[in-house]
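Below are the chains, spelled out letter by letter.
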Amino acid sequence: MEDKPHSGQPCTAVTPQNEDCLGHLIHTNQLTTKEQYMELNISFNALEMLVQVLEYPKVCARNRLNATREVDPVALPNCQLIKGIETGSEDIDILPNGLAFISSGLKYPGLKSFAPDKPGEIFLMDLNEKKPKASELRISRGFDLGSFTPHGISTYIDKDDTVYLFVVNHPHQKSTVELFKFMEEDNSLVHLKTIRHDLLTSVNDVVAVGPDSFYATNDHYFSDFILMFLEMYLGLTWSNVVYYSPKEVKEVAAGFYSANGINISPDKKYIYIADIFDHNVHVMEKHADWNLTHVKTLQLDTLADNLSVDPDTGDIWTGCHPNGMKLFFDDPDNPPASEVLRIQNILAEQPTVTRVYAENGSVLQGTSVATVYNRKLLIGTVFHRALYCEL
């Protein structure tokens, strides 16, 4: 990294900072020999190095969070807040027929919640309506709604047109993937099974590739909040991507600061992964054995969260956090801002990245997703509200 703090001098050198201290001690006759002089100078340098060792992770952590960035506003003219969504809209997935699923009510370590005791919900919007409204989907009996904390979501349409909804869940601070079947006739979800595995430790998002198979991102190696914080603070690249099916579960990509949003190209050849703390999107080629190989990385100047793919154009839309520090440090007078990017031709040598929407948090706080259907844009947030725009 270009901004690594360093002294640029060997640990036994007499640094300018130390000379003033040494000069004072010699002047007051507290140092009388060259050996004492050098010994104390080494001590000063050792202390300086210790301070730098302790300070370096802090500087890097602030860089990963984009702690000093302020966002320049980019307005959209035809937008309105979606009624009924008050406690987050962390991820959104839209079916080809215009039905949009919205996860709401995430409780995530270190982030605020406007309703910490309220169970999570899945909302549905029909974007074919002239004035779309969000309605809560009823979930079948037997599912533990009390501990429902939905995070990333993904849909899969089977050959018989059955719609499956995969939902990342965090019951009691654990990670599971809940599999539902969508019943369109009565707008309900039938819970089919709960998926747990030792490799699904800190799941953030999933992309379905079959009726019971998916890729999942683990945003941290650890699941304990203190260890998660240390992992981020120290800049450990232990985050990964896992492929899951009933027959095989394996790690298919690793070495991320924090693998977050994940999605698939319209031709099913590539997997896109957002590393939120490394400010980039990775393109991975998907192979017949479900393994992934790295193709390229697109560097951004913001913290990309969830990724959505326009099935018609292949464009990637992402909700972003311009300044991640504001997301974790709750200040009502300085809320986390919102930003939406559109990435066109990501496989090209020079993809086109457009800031479609940005504002300082007065409307939306902590944007996590953006997705389009028929020139209609939905923008979701980690814990705040949701926005509907006509492009």
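Everything here concerns the structure above.
Residues numbered from 1 in each chain as written. Predicted model: local features only at pLDDT ≥ 70, side-chain atom pairs only at ≥ 80, totals over all residues. Heavy atoms only, no water.

Q: Help me get a handle on the sheet that holds strand S11 (residues 203-210), residues and values and all.
A: One open sheet accounts for four strands, arranged S11-S12-S13-S14; its pairing is antiparallel. At either end of the open sheet lies a strand with only one pairing partner, and these are S11 and strand S14 (249-256). Neighbour to neighbour, the strand axes of the sheet diverge by 15° on average, direction disregarded. Across six bridges, strand S13 (residues 239-244) lies against S14 in antiparallel orientation. Bridge assignment links Val 242 to a residue of S14, and that residue is Glu 251. (Pairing = 2+ DSSP bridges. Helix = DSSP H or I, 4+ residues; strand = E, 2+ residues; numbered from the N terminus. Axes fitted to C-alpha atoms, helices over the stretch in contact; angles between N-to-C directions.)

Q: Explain the nonpolar core residue by residue, including any values.
A: A general feature of soluble globular proteins is that nonpolar side chains tend to end up buried together. Membership of the largest hydrophobic core comes to 16 residues, with the highest contact counts inside it found for Phe 101, Ile 122, Leu 165, Phe 182 and Leu 189. Of all elements in the fold, only strand S3 (99-104), strand S4 (121-126), strand S8 (163-169) and strand S9 (176-183) reach the threshold of two or more residues within this core. With three residues, S8 is the single largest residue contributor to this core. (Core = buried A, V, L, I, M, F, W, Y, C linked by side-chain atoms within 4.5 Å. Buried < 20%, exposed > 50% of the residue type's maximum accessible area, 1.4 Å probe, protein only.)

Q: Summarise the side chain of Thr 87; cite the residues concerned and give the values.
A: Mapping Thr 87 onto the fold places it in the loop between strand S1 (79-81) and strand S2 (91-94). Here Thr 87 falls in the buried class, since its relative accessible area comes to 13%. Not counting chain neighbours up to four residues away, the residues in contact with Thr 87 comprise Ser 104, Gly 105, Leu 106, Phe 114, Ala 115, Phe 383 and His 384. (Contact = heavy atoms within 4.5 Å.)

Q: I'd like a rundown of unusual backbone geometry, residues and numbers included.
A: One non-glycine residue with positive phi stands out, namely Trp 290, at about 75°. You can see Trp 290 is positioned in the loop between strand S17 (280-286) and strand S18 (292-299). Relative accessible area serves as the criterion here: at 26%, Trp 290 is assigned to the partly exposed category. Of note, the phi angle at Asn 345 is positive, near 55°, even though the residue is not glycine.

Q: Go over the packing of aromatic side chains with me, naming the residues and quoting the values.
A: Following the criterion strictly, the structure yields 14 aromatic pairs and no others. Aromatic pair Phe 166 and Phe 214: ring centres 5.9 Å apart, planes at 65°, arrangement edge-to-face. Placement of Phe 166 in strand S8 and of Phe 214 in strand S12 (residues 213-218) is noted, with a sequence separation of 48 residues between them. Within the aromatic cluster, the residues linked to one another by ring pairs are Phe 143, Phe 148 and Phe 180. (Phe/Tyr/Trp six-rings, centres within 6.5 Å; stacked < 30°, edge-to-face > 60°.)

Q: Please provide a residue-by-residue account of the pattern of salt bridges, values included.
A: Under the criterion given, the structure shown has nine salt bridges. Salt-bridge contacts for Glu 86 lead to Arg 385; the nearest nitrogen and oxygen are separated by 3.4 Å. In this pair, Glu 86 sits in the loop between S1 and S2 while Arg 385 sits in the loop between strand S24 (376-381) and strand S25 (387-390), placing the two residues 299 residues apart along the sequence. Among the salt bridges present, the one from Glu 339 reaches Arg 355, with a minimum N-O distance of 2.8 Å. (Salt bridge = Lys/Arg side-chain N within 4 Å of Asp/Glu carboxyl O.)

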